[in-house]
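Listed below are the residues making up each chain.
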Amino acid sequence: MRARVGQLDQRLIIQTPTFASSTQSSQGVASFSTLATVWAAIKALGGNEGLQGPSITSIQQYEIEIRGRSDVTPRMRAQWTPYGGSAKTVEILAVAPHSRTTDRMVLTCGETP
């Protein structure tokens, strides 16, 4: 179903990682900066369970529709505050063109633990 302009009703912040070298380890430390703030239609898809160390974790997945952009990649993350809820941060797992229109794109995302 194609989202009409009125269905892009939530403000979404798209963030890009920046890496600074850590003096205590050989790996870089990621911080995030805002790439853009856009209107989005956000739909919860369901969850997946997995092992993280000795415990089982549950990760909620989302499908997020935004207007088409060429600068959004799966290495980024997104944040928003659902109506009546607490702030959410999700990792962008996949970026795809919308199946029915060329001016939109779909982000498949997973909630960060």
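What you see is a predicted model, and the numbers here were worked out from it, not measured in a lab.

A.B. asks: Hey, could you run me through the pairing of strand β6 (residues 104–111) in this one?
C.D. replies: The buried fraction of β6 amounts to six of the eight residues, a majority that puts the element mostly inside the structure. Direction of pairing for strand β5 (residues 88–97) relative to β6: antiparallel, over a ladder of seven bridges. By the bridge assignment for β6, proline 97 is matched with methionine 105. Counting the residues between successive antiparallel strands, the hairpin from β5 to β6 contains six residues.

A.B. asks: Would you explain the pattern of salt bridges in this entry?
C.D. replies: Oppositely charged side chains are able to pair whenever their charged atoms sit close together. Within the structure shown, the criterion is met by four salt bridges. A salt bridge links glutamate 65 to arginine 104; the shortest N-O distance between them is 3.2 Å. Of this pair, glutamate 65 sits in strand β3 (residues 55–67) while arginine 104 is found in strand β6, placing the two residues 39 residues apart along the sequence. Classification of arginine 104 by relative accessible area gives buried; the value is 4%. One salt bridge connects lysine 88 with glutamate 111, and the closest N-O pair in it is separated by 3.6 Å. Of the two residues, lysine 88 is situated in strand β5 and glutamate 111 in strand β6; the sequence distance between them amounts to 23 residues.

A.B. asks: Hey, could you run me through the environment of glutamate 91 in this one?
C.D. replies: For glutamate 91, the position within the fold is in strand β5. In this structure glutamate 91 comes out as partly exposed when scored by relative accessible area, which is 40%. Separated by 14 residues in sequence, glutamate 91 and arginine 77 have C-alpha atoms that sit 4.4 Å apart.

A.B. asks: Got a minute to help me understand the environment of glutamine 79 in this structure?
C.D. replies: Structurally, glutamine 79 is set in strand β4 (residues 77–80). On a C-alpha basis, the gap between glutamine 79 and glutamate 111 in space is 9.8 Å, while along the polypeptide they are 32 residues apart. Excluding anything up to four places from it in sequence, glutamine 79 contacts Arg11, Leu12, Ile13, Gln15, Lys88 and Thr89. Here the side chain of glutamine 79 touches threonine 89 through a polar contact of 3.1 Å, side chain to side chain.

Criteria and cut-off values
Residues numbered from 1 in each chain as written. Predicted model: local features only at pLDDT ≥ 70, side-chain atom pairs only at ≥ 80, totals over all residues. Heavy atoms only, no water. Buried < 20%, exposed > 50% of the residue type's maximum accessible area, 1.4 Å probe, protein only. Helix = DSSP H or I, 4+ residues; strand = E, 2+ residues; numbered from the N terminus. Pairing = 2+ DSSP bridges. Salt bridge = Lys/Arg side-chain N within 4 Å of Asp/Glu carboxyl O. Contact = heavy atoms within 4.5 Å. Polar contact = N/O pair within 3.5 Å; in protein donor to acceptor, adjacent residues only side chain to side chain.

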